[in-house]
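Close look at the chain arrangement
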Amino acid sequence: GVPHPPAGRIETRLVERADGTVHSTRQIGKGERAITEYAVLKTEGKLSLVRIVLHTGRKHQIRVHLAGRGTAVVGDALYGPSDGARHLMLAAVQLTIVHPRTGRQMIFKLPLPKEFPVREQ
């Protein structure tokens, strides 16, 4: 789908259930803070390529946050509808860290997987 609005910030508290799934909660004092920024890069039909920037790293954070917007990750049988995809269309294509000894920013990049149905030009 196409997230609405097409760019934004999602802040919730995430709680893990006994079965390992995660859900957002509004209960005060429950869960762990989770922050996700997103922006739609390209849309083709009912599919969108979305850039995600994580400010926290919680279990299933991206999947829960996008599903909560009504736009589950393609192939996410746990948090989204069955869509016939062979696998989860979620990939880390850039990791940025600060080196613990030198203090220098290090950036590691990979190309977007060829299997992704929507690609940047």
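Scroll up a little and you will see the structure.
Everything quoted here is computed from the prediction, not taken from an experiment.

Examining the overall build of the chain
Regarding its fold elements, the chain presents 1 helix and 6 strands. The N-to-C order of helical and strand elements in the chain reads β-β-β-β-α-β-β. Taking the principal axes of the C-alpha coordinates as reference, the chain spans close to 45 × 40 × 25 Å. Taking all 121 residues of the chain together, the buried fraction comes to 25%. Relative to all contacts within the chain whose residues are 6 or more apart in sequence, the contacts with residues 24 or more apart total 45%.

Points about the pairing of strand 6 (residues 105-109)
In this structure, strand 5 (residues 94-98) lies alongside strand 6, joined through 5 bridges in antiparallel fashion. Among the inter-strand pairings, Gln94 is bridged to a residue of strand 6, identified as Lys109. Hairpin connection of strand 5 to strand 6: 6 residues between the antiparallel strands, including Gly103 at a positive phi of 80°.

Structural notes on the pairing of strand 4 (residues 47-54)
Both strand 3 (residues 32-44) and strand 4 contribute to a ladder of 8 bridges, which runs antiparallel. Bridge pairing links Lys42 to Leu49 in strand 4.

So, the sheet that holds strand 2 (residues 22-25)
Read from one edge of the open sheet, 4 strands run 2-1-3-4, paired in antiparallel fashion. The outermost strands of the open sheet, each flanked by one partner alone, are strand 2 and strand 4. In this sheet, neighbouring strand axes are inclined to one another by 50° on average, regardless of whether the strands run parallel or antiparallel. Bridge analysis of strand 1 (residues 7-16) against strand 3 gives 8 bridges, and the strand direction is antiparallel. Paired with Arg9 across the strands is Glu37, a residue of strand 3. Each of strand 1, strand 2, strand 3 and strand 4 touches helix 1 (residues 61-68); the most contacted strand, strand 3, lies at about 65° to it.

Some words on the pattern of salt bridges
Applying the stated criterion across every chain, the model contains 7 salt bridges. Here Arg9 makes a salt bridge to Glu11, at a shortest N to O gap of 2.8 Å. Owing to a relative accessible area of 42%, Arg9 belongs among the partly exposed residues under this scheme. Take Glu11: its relative accessible area is 45%, and that puts it in the partly exposed class.

Basis of the calculations
Residues numbered from 1 in each chain as written. Predicted model: local features only at pLDDT ≥ 70, side-chain atom pairs only at ≥ 80, totals over all residues. Heavy atoms only, no water. Helix = DSSP H or I, 4+ residues; strand = E, 2+ residues; numbered from the N terminus. Buried < 20%, exposed > 50% of the residue type's maximum accessible area, 1.4 Å probe, protein only. Contact = heavy atoms within 4.5 Å. Pairing = 2+ DSSP bridges. Axes fitted to C-alpha atoms, helices over the stretch in contact; angles between N-to-C directions. Salt bridge = Lys/Arg side-chain N within 4 Å of Asp/Glu carboxyl O.

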